[in-house]
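# Commentary on secondary and tertiary structure
Chain by chain, the residues run as shown.
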Amino acid sequence: MCGIVGYVGDKESAPILVSGLKKLEYRGYDSAGVAVVGGNALNVVRATGKLKNLENRVSQEPPQGTLGIGHTRWATHGRPSDENAHPHTYKNVAVVHNGIIENHLALKEELRAKGHVFSSETDTEVFAHLISDELERGVDLPDAVRLAIKQVKGTYALAVVSSRDPNRIICTKDASPMVLGLGQGQNFVASDVPALLEHTRDFVYMEEGDLAIVTAQGVDIFNRQGNKVNRPTRRIDWTPMMAEKGGHKHFMHKEIWEQPRAIADTLRGRMLLSEGDIHFEGWNLSADKVRTITKVTILACGTSWHSGVAGKHMIESLARIPVEVELASEFRYRDPIVDPTHLAIAISQSGETADTLAAFKEAKARGAMSLAICNVMGSAMTREADISVLTNAGPEIGVASTKAFTTQLVTLYMLAVKLGRMRGTLTVKAAQEHLTHLTQIPKMIEDVLKCEPSVKRVAREFMAAQDFLFLGRGPMHPVALEGALKLKEISYIHAEGYAGGEMKHGPIALIDEKMPVVVIAPKQPSVAYEKIIGNIEEVRARGGKVIAIIDEDDHHVDGLADHVIRIPAACALLAPVVSTIPLQLLAYHVAEMRGNDVDQPRNLAKSVTVE
Ligand code: F6R
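What counts as what
Residues numbered from 1 in each chain as written. Predicted model: local features only at pLDDT ≥ 70, side-chain atom pairs only at ≥ 80, totals over all residues. Heavy atoms only, no water. Helix = DSSP H or I, 4+ residues; strand = E, 2+ residues; numbered from the N terminus. Buried < 20%, exposed > 50% of the residue type's maximum accessible area, 1.4 Å probe, protein only. Contact = heavy atoms within 4.5 Å. Pairing = 2+ DSSP bridges. Axes fitted to C-alpha atoms, helices over the stretch in contact; angles between N-to-C directions. UniProt positions renumbered as here; feature names shortened; annotations may be inferred. Near = heavy atom within 4 Å. Polar contact = N/O pair within 3.5 Å; in protein donor to acceptor, adjacent residues only side chain to side chain. Areas by Shrake-Rupley, 256 points an atom, 1.4 Å probe, with all protein chains shown as cover. Nonpolar A, V, L, I, M, F, W, Y, C, P; charged D, E, K, R; others polar.

### Concerning the environment of Cys-301
Within the secondary structure, Cys-301 is located in the loop between strand S18 (295-300) and helix H10 (302-319). The partly exposed category is assigned to Cys-301, whose relative accessible area is 25%. In the structure, Cys-301 is positioned 272 residues away from Tyr-29 in sequence and 24 Å away in space, judged by C-alpha atoms. Every residue in contact with Cys-301, bar those within four places of it in the chain, is listed here: Ala-328, Thr-353, Asp-355 and Thr-356.

Here is the structure:
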């Protein structure tokens, strides 16, 4: 998954493809490649690492031809390497793909039985094999693509070329974005508008299930039923910077709004609803081994540590294993007690955070089993771990972590279900209920994002505050910590997150009429609803301003709080995912109103690879 570019016209395609890929560099990637069709031959050039490496290879042996496709890859299946870089080819077919094929293992098995040999570890390569088989049966290229996607379960934006059909690019999409760029005597394909802005301002956005035949002369689009359709052409006047952010003012805002998609991608292909189980690729712990685990130690920093605190509630509740959540920077310098019955879990967006990595190595060296929950396949932590579970949030560019956090939460929930099933603490039926809750989360996030106008009003009222307090109990405690961290790191307002019960042990002294207090109070028995309402009353009694995050049907708090932000009711262990969203938006709007550099706050780096 990452960036796609395609070109067909009267110019040499390779330089156009590489330059389009460069425009998508901001999205992050680990390898890149192009496939060019010319003189009835298919020429593929790929390289791991920076685009410079691909450019060097292309300039050494320029692939000739006026039609081609290119890709920057962000690994999801298979580590970053030349072999796993796109385009993937089989015989005379080349494909580039964004998305995830859920049934790729079963399809590979079927194809192997027919004598196919695979040259990469990716899910994408399956497309090249399926399409090639159809071509060999005499089907033309568009129909071959149609028949191939019918066999695939998952999401895709796919561009296909073949030296047997050298004048057209076939592309199709479902759930992953794809646009067509229109030119004179030349046409383009891309996953994102910025790739093409130097060539055209006229774009057609493909819709779900569409298939397009793109030639130098024009584009023909067919819907899922195979009927020819007209999709409107839109003139895009965005600057390249605006286009990179998909029309959002900042990457952080774009990433907050991407969360329904990011979470759906994280769940995709992993939930076995009928079996009440979870499938994690590369999982190599037997049920016997899992039953030997006496303790889980979560190692992480910052936002990832907060997701670990929420994960403790999930794993203890569903799998009944004691969990300790350790700040990696502390753990690594202690003399921690670790033994081979412990499972060490590193949680990290980047997979490169120096403290987490060192703590993880320390736990491993002392005999612990190791599992990494990480957003970057091939990163140091995934290389270190016995098992890596990818969060599939896609590249996160804003320094303040948003979609990485919520995808970590749903991953931890899946892990808790898996461990619970393996240890026998969850029945199939109970697990099915948990998985059903999970499937509802992307839609709930879509709904909760609608609270943005009310959050903006709160942000305007409190943008000049000097301090903020965030309170939550049980699984909402890490949400309070995360809300405070988000606000302080981008708005530079001092903020503290506290467990509600701790307020009377100190922070209550700070409360006066200038102090906004955000109380995360979904109506759940496990978050001691009555107790958190008690906290609201204590704040009110001292003149503090209460902003309450509550369930949409809860009217009990209406008269008590100065502002209420309503969210859809999720089960207690998943409520952190939903209730974090308004806090991300609050931090974003306060920072934006204060004129701060939201995406690159002062003194902070995206990946902390030094101590
Ligand atoms: C806060 C934030 C940081 C990171 C921390 C760990 O918004 O992004 O607190 O969570 O630096 O980074 P990773 O998850 O890459 O290990």
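Don't stop here, the text continues.
### Things to note about the sheet that holds strand S6 (residues 93-98)
Reading across from one edge, S5-S6-S7-S8-S12-S13-S14 is the order of the seven strands in this open sheet, with antiparallel pairing throughout. Single-partner strands in this sheet number two, and they are strand S5 (88-90) and strand S14 (228-229). As defined by bridge partners, strand S8 (residues 165-174) adjoins strand S12 (residues 211-214) across four bridges and the pair is classed as antiparallel. Residue pairing in the sheet places Cys-171 in a bridge with Ala-212 of S12. Running at roughly 140° to S6, helix H4 (residues 125-136) makes contact with S5, S6 and strand S7 (156-162) of the sheet. Contacting S7, S8, S12 and strand S13 (219-222), helix H5 (residues 141-150) crosses the sheet at an angle of about 30° to S8.

### Thoughts on the side chain of Ser-132
One can find Ser-132 in helix H4. When neighbours within four sequence positions are excluded, Ser-132 is seen to be in contact with Tyr-90, Lys-91 and Val-93.

### Quick word on the UniProt feature "domain: Glutamine amidotransferase type-2" (unreviewed entry) in the protein
UniProt feature "domain: Glutamine amidotransferase type-2" (unreviewed entry): in the numbering of this structure it lies at residues 2-217. Annotated as 25% helix and 33% strand, the span residues 2-217 places its first and last C-alpha atoms 27 Å apart.

### A word on the site of the ligand
Contacts to the ligand come from 15 residues, most closely from Ser-304, Ser-348, Gln-349, Thr-353 and Glu-489. For the ligand, an oxygen atom lies 2.6 Å from a polar atom in the side chain of Ser-348. Contact between the ligand and Ser-350: an oxygen atom at 2.7 Å from a side-chain N or O atom of the residue. Protein chains shield 89% of the accessible area of the ligand, which is 400 Å² for the free molecule. Considering only residue class, the shell around the ligand consists of five nonpolar, eight polar and two charged.

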